[in-house]
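A look at the structure
This is what each chain is made of:
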Amino acid sequence: MRRSLGLVHWGIIMNGDRLIGVSVVVICLLAAAGLAEAFPVSSAAWSDGQWEQHCNDVRTTYNRTAPLSVKTLTLKPEDPRFLDFLYWAWANKIIEHQVEQMGGTEWNGPTNGVIFHWAPGSRWETHTVVPLDHAIRHIAGEHNWQDNMFKEFFEKFGPVKGVNIRQRLSMDKPPTWAQFLQHIGGPDSPYYRYVFHQESAIDPVRRTVTLVGGQGVRFEYSFDRYLQEIKEVLTDCKSYQFFELYDRYGTGFASKTGWAGQPVPKP
């Protein structure tokens with residue numbers, strides 16, 4: 001969530017016979033409510049307001065009578081558009097993401113969870129905060145990272161054992177999760193972009209998506225699990241160009257070989 005650091009309002013006061021314009025700075029102490037500072041993103045990213053402006057007047061076969069939702073992604077796996085949607089999201093690198101150190105990498109971010117930086121350099125670029133226990137399940141469980149993948153870190157705390165990092169890391173006793181996340185997600189870390197994971201294949205029959213990352217990591221998501229990732233970034237509004245393309249080119253425009261259904265040139 002975003003925090004406003006201050007709002008400036010102009011007012012008028014009387015000083016004898018003169019009107020004097022004054023600026024009143026209203027500081028919004030939203031930090032007390034547990035809100036995080038505004039996440040820094042690149043100039044390529046569109047704000048929520050920009051997204052709403054772009055999609056407000058868009059009408060497609062998915063939203064014939066009302067604007068696309070700016071709050072959530074409502075597309076379901078059973079929708080005939082869904083497979084093309086997955087390929088469209090993949091082509092736009094929307095859910096490619098990396099983990100940052102606790103509190104943010106080179107910025108003052110929230111410390112109440114693990115920061116995921118999504119789609120850097122794109123109009124969809126954003127950050128989200130994931131509870132630490134969820135992040136542990138993600139990188140220790142789904143990624144299955146081992147301590148011998150990061151020898152230079154774990155050797156400082158005893159012999160490398162070839163075990164899952166969950167067995168080596170704790171919340172408060174070194175080596176801690178915070179130390180490890182700084183090691184892989186800090187500004188000088190060689191792993192910051194290296195362990196950045198991305199799609200490598202979509203299997204429509206098994207309904208799975210294969211993802212790969214640094215350190216030889218390869219794992220699969222079901223379509224439902226993959227959709228959870230996509231919802232971290234996209235809403236219906238932020239997908240408006242997909243719905244336009246689908247109506248323009250039809251089923252298979254993104255998921256079948258050949259641009260927008262055109263025959264594939266023979267070698």
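Structure report, in brief. From a predicted model like this one, the values you see are computed outputs, not experimental measurements. (Residues numbered from 1 in each chain as written. Predicted model: local features only at pLDDT ≥ 70, side-chain atom pairs only at ≥ 80, totals over all residues. Heavy atoms only, no water.)

1. Looking at the overall build of the protein chain
To be explicit about the condition: Runs of H or I in DSSP of at least four residues are treated as helices and runs of E of at least two as strands, each being numbered from the N terminus. Relative accessibility decides the category of a residue: with a 1.4 Å probe and only protein chains considered, values under 20% of the type maximum give buried, values over 50% give exposed, and everything between is partly exposed. Two residues qualify as a contact provided that any one of their heavy atoms is within 4.5 Å of a heavy atom in the partner residue. Only the protein chains shown count as covering a residue, and every accessible area follows the Shrake-Rupley method with a 1.4 Å probe.
Within the protein chain, the regular secondary structure consists of seven helices and eight strands. For the protein chain, with 267 residues in total, the buried portion stands at 42%. Partitioning the contacts of the protein chain with sequence separation of at least 6, the portion at a separation of at least 24 is 51%. Here the protein chain displays about 14700 Å² of accessible surface, and carbon together with sulfur accounts for 52% of that area.

2. Quick notes on the pairing of strand β7 (residues 208-212)
It is a general feature of regular strands that their side chains alternate between the two faces of the sheet. The cut-off we apply is this: Pairing between strands is defined by DSSP: at least two bridges between them are needed.
Along β7, four of the five residues are buried, which leaves the element largely enclosed by surrounding structure. Strand direction decides the pairing type here: strand β6 (residues 198-203) and β7, joined by five bridges, are antiparallel. Residue pairing across strands places Gln 198 opposite Val 212, the latter belonging to β7. Hairpin connection between β7 and strand β8 (residues 218-222): a loop of five residues separates the two successive antiparallel strands, and Gln 215 in this loop has a positive phi of roughly 65°.

3. A word on the sheet that holds strand β5 (residues 126-130)
To be explicit about the condition: Orientation is described by axes fitted as lines to C-alpha atoms, over the contacting stretch for helices, and by angles from 0 to 180 degrees between their N-to-C directions.
Spatially, β3-β4-β5 is the arrangement adopted by the three strands of the open sheet, whose pairing is antiparallel. This sheet does not close on itself; its edge strands, each paired only once, are β3 (97-99) and β5. Going across the sheet, the axis of each strand differs from the next one's by a mean of 25°, ignoring polarity. Sheet topology places β3 next to strand β4 (residues 114-118); three bridges connect them, and they run antiparallel. From the neighbouring strand, Val 99 faces β4, where its bridge partner is Phe 116. Each of β3, β4 and β5 touches helix α3 (residues 132-142); the most contacted strand, β4, lies at about 60° to it.

4. Details of the nonpolar core
Which entries qualify depends on this criterion: Think of a nonpolar core as a cluster: buried Ala, Val, Leu, Ile, Met, Phe, Trp, Tyr and Cys residues, connected wherever their side-chain atoms sit within 4.5 Å.
Judged by nonpolar contacts, the single largest core of 56 residues is most densely connected at Phe 85, Trp 88, Trp 145, Phe 180 and Ile 230. Counting residues per element, this core draws most heavily on helix α2 (residues 82-91), which supplies six residues. Dropping the residues within four chain positions of it, Phe 85 is found in contact with Leu 73, Leu 75, Ile 230, Leu 234, Ser 239 and Phe 242.

5. Digging into the packing of aromatic side chains
The following threshold applies: Note on aromatic contacts: the rings of Phe and Tyr and the six-membered ring of Trp form a pair at centre separations within 6.5 Å, being stacked when their planes are under 30 degrees apart, edge-to-face when over 60 apart, and tilted otherwise. Cation placement over rings: the criterion is NZ of Lys or CZ of Arg within 6 Å of the ring centroid and within 35° of the ring normal.
If you walk through the whole model with that rule in mind, you get 28 aromatic pairs. Ring centres of Phe 219 and Tyr 221 lie 5.3 Å apart, and the angle between their planes is 65°; this geometry places the pair in the edge-to-face category. For Phe 219, a relative accessible area of 6% gives the class buried. Taking the ring centre of Trp 46 as reference, the NZ or CZ of Arg 123 above it sits at 4.7 Å.

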